[in-house]
Amino acid sequence: MVTPISRASSKKSGALDPAFLQEWADRNLAAWDALDAEAVADTCTDDVVWLDPSVPFPIRGRKELVKFINALATSYPDLKVTRVSEPIPSPVEQLGIARYTMTGTLTRNWPYTNMAATGQSMSVRCIDEWRFRDGLLAHNVTIYDCLYTARQLGIVPPPGSIGSKIMNRVQHIRARKLREQAACPACGYQKKHRH
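Note that the coordinates shown come from a computational prediction; the quantities given were computed from them, not determined experimentally.

A short note on the overall build of the protein
Summing up its helical and strand segments, the protein has 5 helices and 7 strands in all. For the protein, the succession of helices and strands along the chain, N to C, is α-α-β-β-α-β-β-β-β-β-α-α. Counting over 195 residues, the protein shows a buried share of 39%. For the protein, long-range pairs separated by at least 24 residues make up 58% of all intrachain contacts whose partners lie at least 6 apart in sequence.

Listed below in structure tokens is the structure:
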């Protein structure tokens, strides 16, 4: 059951009320602690948009958000979100910033990109940008260092390793093809040519 917190706006025009943000963030964190997808979704609008680097497209709506959180709980059964500091309310708009650490072990394939389970753990610092509407989260952007996370999880090989050298070689081949396909700024022609 969705229960918006009614006092999202502070007395300042457009500013996010710090007490509202704290109450909402506490409720949201409790839902994450329980890995309760429905409870997290209940803190969001019906048409919530959720952007996360681990998913190649925006998650739209509560139903898709529940699927995403359930996928996290399945792929990372020991997932833990730990707040680093209290959430920061915007003084001019319905926006809050949250800083936290996310830890977990990739024990099952990640369905959004078909990454294989590695049994490796991550501990990564994250920042969320929360936009609110009518006392509920309407838009979330999650930011973290994807390369660092992928290295911890064993998805990307360590620098200097044979795997890293192979990836670099493949990237150089791909870069050459991309340069050949790039449009000429002078005329838009797609292949190598001279003016």
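Now that the structure has been shown, we can carry on.
Notes on the nonpolar core
In this structure, Leu65 and Phe68 are the most contacted members of the largest nonpolar core, which totals 41 residues. At the level of elements, helix H1 (18-33), helix H2 (37-41), strand S1 (44-51), helix H3 (61-75), strand S5 (95-105), strand S6 (121-133) and strand S7 (136-144) are the ones that each hand at least two residues to this core. Leave out the neighbours within four places in its chain, and leucine 65 touches Val40, Ala41, Cys44, Val48, Trp50 and Ile59.

Here's the deal with the state of the cysteines
Simply put, the disulfide is a covalent bond whose two ends are the sulfur atoms of two cysteines. On inspection of all chains with the given rule, the structure shows 0 disulfides. Looking at cysteine 146, it has no disulfide partner, and the nearest cysteine sulfur is the one in cysteine 126, 9.4 Å off.

Brief notes about unusual backbone geometry
In this structure, leucine 35 takes a positive phi of about 50° despite not being glycine. Its location among the elements puts leucine 35 in the loop between H1 and H2. Classification of leucine 35 by relative accessible area gives buried; the value is 19%. For asparagine 114, which is not glycine, the phi torsion reads 60° and is therefore positive. Along the chain, the position of asparagine 114 falls in the loop between S5 and S6.

Observations regarding the packing of aromatic side chains
Considering all chains together, one arrives at 10 aromatic pairs under this definition. Pairing phenylalanine 68 with tyrosine 112 gives two aromatic rings, centres 6.0 Å apart and planes at 65°, and the pair type is edge-to-face. Note that phenylalanine 68 is positioned in helix H3 and tyrosine 112 in the loop between S5 and S6, a separation of 44 residues in sequence. Each member of the pair phenylalanine 68 and tyrosine 112 is classed as buried. These aromatic residues form a ring-pair network of at least three members: Phe57, Phe68, Tyr76, Trp110 and Tyr112.

So, how was this worked out
Residues numbered from 1 in each chain as written. Predicted model: local features only at pLDDT ≥ 70, side-chain atom pairs only at ≥ 80, totals over all residues. Heavy atoms only, no water. Helix = DSSP H or I, 4+ residues; strand = E, 2+ residues; numbered from the N terminus. Buried < 20%, exposed > 50% of the residue type's maximum accessible area, 1.4 Å probe, protein only. Contact = heavy atoms within 4.5 Å. Core = buried A, V, L, I, M, F, W, Y, C linked by side-chain atoms within 4.5 Å. Disulfide = S-S within 2.5 Å. Phe/Tyr/Trp six-rings, centres within 6.5 Å; stacked < 30°, edge-to-face > 60°.

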